[in-house]
Amino acid sequence: MTNILSIETSCDETAAAFIQSSARGIKVLGSTVASQIKIHEKTSGVVPEVAARAHIKKMSPVILSTLRKSGKSLDDVDLFAVTSGPGLISSLLVGIEYVKGLGLATGKKVLAVNHMHGHLYSPLLENPKFKIPNISLIVSGGHTYLILMKSKKDFKVIGQTVDDAVGEAFDKVAKMLNLPYPGGPQVSIYAERGKKDYNFPRPILHSGDFNFSFAGLKTAVLYKLRDEKLNPNNEKVRADISMSFQNAAVDVLVQKTIKAALKYKAKSISLSGGVAANKTLRSSLNKAARKNKLKFYVPSFALCTDNASMIGNAAAVYLQNGKKPSGFATLKVDPDLVI
Ligand code: KG4
Ligand code: ZN
């Protein structure tokens, strides 16, 4: 059995989790996420320096609360896991330097985790018996990936966004509608009340590859508001625009994911990342997967947006894949780390 204390600080959530990995599976004993929403609301977005300072303040309390919830102490930890990238460099540095301190103080080893692997493997936490081949759609604030997974070790990117990530598009549409940060959840709430569909373009739906593009869709929303002189503070406008944008984005994501699953003869589809918390995306992809007799996996809501359980889980998968932990001295951040 391996006890892992994992830490995540890649953007604006300070998170820690205590994970137990054994032959029987991977178990989360305790998890804490300190959100910085209240702080970044004032600036309608994340200011990196402000995020880093908040991480510094919260790191120790978040770790202590996680150990308390787990009924464990630092002595019980076999291995530390920490997100090394991709993300904001100043935010990542806080987690990395903290873990270096823990490594120095305890002499214990460390595994650096790719944040995107955290999302990729997150559906496994609640569905360890993944049917493969699997097509995995990862939709976060900074990335949009379609991945073909033949095993936990053998996966490759088959499509990605050529411009904005889908979460970024949700956030930008929210800004156009003067909605508070973080925009994605706000747009999805307004979308539920929408009645009129403006039928926005479905970008590169028929491009023949598995890439995505959301910049054009975002611009279409901007032009619609401008050309029809729609008031972004009007509740009906907000609802209709949100629904129309969400319908277009979800339509492309679902259709391309299903096409990929059919092409690669997948047995299952999984969905992860912050935008996987979007109810319409979850239910539409679930429905489309079932129609095509494919298993569908999506983490529960708290495991979609950034958290440290997924980082500890990815570290446990790394160990299963034969990866060796390192000493803390070699740890370094890589804000542009690719999946
Ligand atoms: O994975 P995540 O927490 O952080 C990154 O790794 O980027 O994803 C954050 C993104 C943000 O763009 C946020 O607006 C979006 O996920 N998001 C949503 C919803 N909840 C979070 N987008 C649409 N609908 C939601 N319910
Ligand atoms: Zn993330």
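Look up: the structure comes first, before these words.
Analysis parameters
Residues numbered from 1 in each chain as written. Chains lettered and ligands numbered in written order. Predicted model: local features only at pLDDT ≥ 70, side-chain atom pairs only at ≥ 80, totals over all residues. Heavy atoms only, no water. Axes fitted to C-alpha atoms, helices over the stretch in contact; angles between N-to-C directions. Helix = DSSP H or I, 4+ residues; strand = E, 2+ residues; numbered from the N terminus. Parallel < 35°, antiparallel > 145°, perpendicular 65-115°, else oblique. Left-handed = near helix turned anticlockwise from the far one by under 90°. Contact = heavy atoms within 4.5 Å. Nonpolar A, V, L, I, M, F, W, Y, C, P; charged D, E, K, R; others polar. Pairing = 2+ DSSP bridges. Near = heavy atom within 4 Å. Polar contact = N/O pair within 3.5 Å; in protein donor to acceptor, adjacent residues only side chain to side chain.

### Details of the packing of helix α2 (residues 48–70) against helix α3 (residues 89–106)
Viewed as axis vectors pointing N to C, α2 and α3 meet at an angle of 30 degrees, and their least axial separation amounts to 8 Å. In terms of their interaxial angle, α2 and α3 are classed as roughly parallel. Note that α2 runs across α3; the crossing there is right-handed. Of the residues in α3, those in contact with Pro48, Glu49, Ala51, Ala52, His55, Ile56, Met59, Ser60 and Ile63 of α2 are Ser90, Ser91, Val94, Tyr98 and Leu102. Tallied by class, the residues present in the contact of α2 with α3 amount to nine nonpolar, four polar and one charged.

### Overview of the sheet that holds strand β10 (residues 295–297)
Two strands in a sheet stick together by hydrogen bonds in their backbones, pointing the same way (parallel) or opposite ways (antiparallel). Strand order in the open sheet made by the five strands is β8-β7-β6-β9-β10, with mixed pairing throughout. Edge strands, defined here as strands with exactly one partner in the open sheet, are β8 (155–160) and β10. Going from strand to strand, the sheet's axes swing by 20 degrees on average, the running direction of each strand aside. Sheet analysis places strand β9 (residues 268–272) next to β10, joined by three bridges and oriented parallel. What sits directly across from Ser268, in β10, is Lys295.

### Details of the sheet that holds strand β1 (residues 2–8)
Taken in spatial order, the five strands of this open sheet run β3-β2-β1-β4-β5, and their pairing is mixed. Sheet topology places β3 (25–35) and β5 (109–114) at the edges, where each strand pairs with a single neighbour. Direction aside, neighbouring strands of the sheet carry axes that sit 20 degrees apart on average. Two elements, β1 and strand β4 (residues 79–85), share four bridges in a ladder whose sense is parallel.

### With respect to the site of ligand 1
Neighbouring ligand 1 are 18 residues, the closest being His119, Gly141, Asp171, Gly274 and Asp306. His115 places a polar side-chain atom, nitrogen or oxygen, 3.1 Å from an oxygen atom of ligand 1. Contacts to ligand 1 include His119, whose side-chain N or O atom sits 3.0 Å from an oxygen atom. At the level of secondary structure, the elements contributing two or more residues to the shell around ligand 1 comprise α4 (115–126), α5 (166–176) and α6 (183–191).

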